[in-house]
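Close look at the chain arrangement
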Amino acid sequence: MVSVVVVKNLVVQQVLIALANFDEETVEKLPSSIYQGVYYGWAKLLTKSNNEIYKMVTSVGTNPFYNGEKKTMETHILHEFLEDFYGETLKIVLLGEIRKMTTFNNANELVAAIQNDISTANTKLDSVECRQYQNDSFFQ
């Protein structure tokens, strides 16, 4: 998938989570096999100054905790960037599902789930099976 993204920062219970939001057209074109849920995989910013491939977590769905009605796709790259990348293009590959989209009773539960999603993605992406996708022609 390739798309222009808009970056936003989500602050939940004093925890900052940088997100890259995919445009509506890209979300509408997602295959029907991509259900509402949280996924892990690899991401690459298509900029002249950055050729790295990063671990990432992507949420696809309506964000029920925030009473969202429109399907969105938000990617959190597991890397701290020195600069924003507003309007840049991001390429991602989804390798597996972490969990289904759900709502939470409070912000603390949401933060705990996000932190667990990040931990799960880190662990899964360290496997040999997942690492091979870093060299996939998709990212060339």
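Here the structure is a predicted model, which is why all the values come from computation and not from measurement.

1. Here's the deal with the confidence of the model for the chain
A low pLDDT score tells you not to read the predicted coordinates there in detail. In the predicted model, the chain carries a mean pLDDT of 84, and the fraction of residues at 70 or more is 88%. Taken together, the stretch residues 9-14 has pLDDT below 50 and engages in 16 contacts with residues farther than four places along the chain or on a different chain.

2. Let's talk about the pattern of salt bridges
Under the criterion given, the structure shown has six salt bridges. With a closest N to O distance of 2.7 Å, K55 and D126 form a salt bridge. Placement of the pair is K55 in strand β4 (residues 53-61) and D126 in the loop between α2 (107-125) and α3 (128-131), with a sequence separation of 71 residues. Take K55: its relative accessible area is 15%, and that puts it in the buried class. Across the salt bridge formed by D126 and R131, the nearest N and O atoms sit 3.5 Å from each other. With relative accessibility at 41%, the residue D126 sits in the partly exposed group. We classify R131 as partly exposed; its relative accessible area is 36%.

3. A few points about the nonpolar core
Grouped together as the largest cluster of nonpolar side chains are 17 residues, with contacts concentrated most on M73, L90 and I92. At the level of secondary structure, the elements contributing two or more residues to this core comprise β2 (15-22), β3 (37-45), β4, β5 (72-77) and β6 (89-100). Among the nonpolar cores identified, the runner-up in size contains ten residues, and W42, I53, V57 and V93 belong to it.

Parameters and conventions
Residues numbered from 1 in each chain as written. Predicted model: local features only at pLDDT ≥ 70, side-chain atom pairs only at ≥ 80, totals over all residues. Heavy atoms only, no water. pLDDT = per-residue confidence, 0-100. Contact = heavy atoms within 4.5 Å. Salt bridge = Lys/Arg side-chain N within 4 Å of Asp/Glu carboxyl O. Helix = DSSP H or I, 4+ residues; strand = E, 2+ residues; numbered from the N terminus. Buried < 20%, exposed > 50% of the residue type's maximum accessible area, 1.4 Å probe, protein only. Core = buried A, V, L, I, M, F, W, Y, C linked by side-chain atoms within 4.5 Å.

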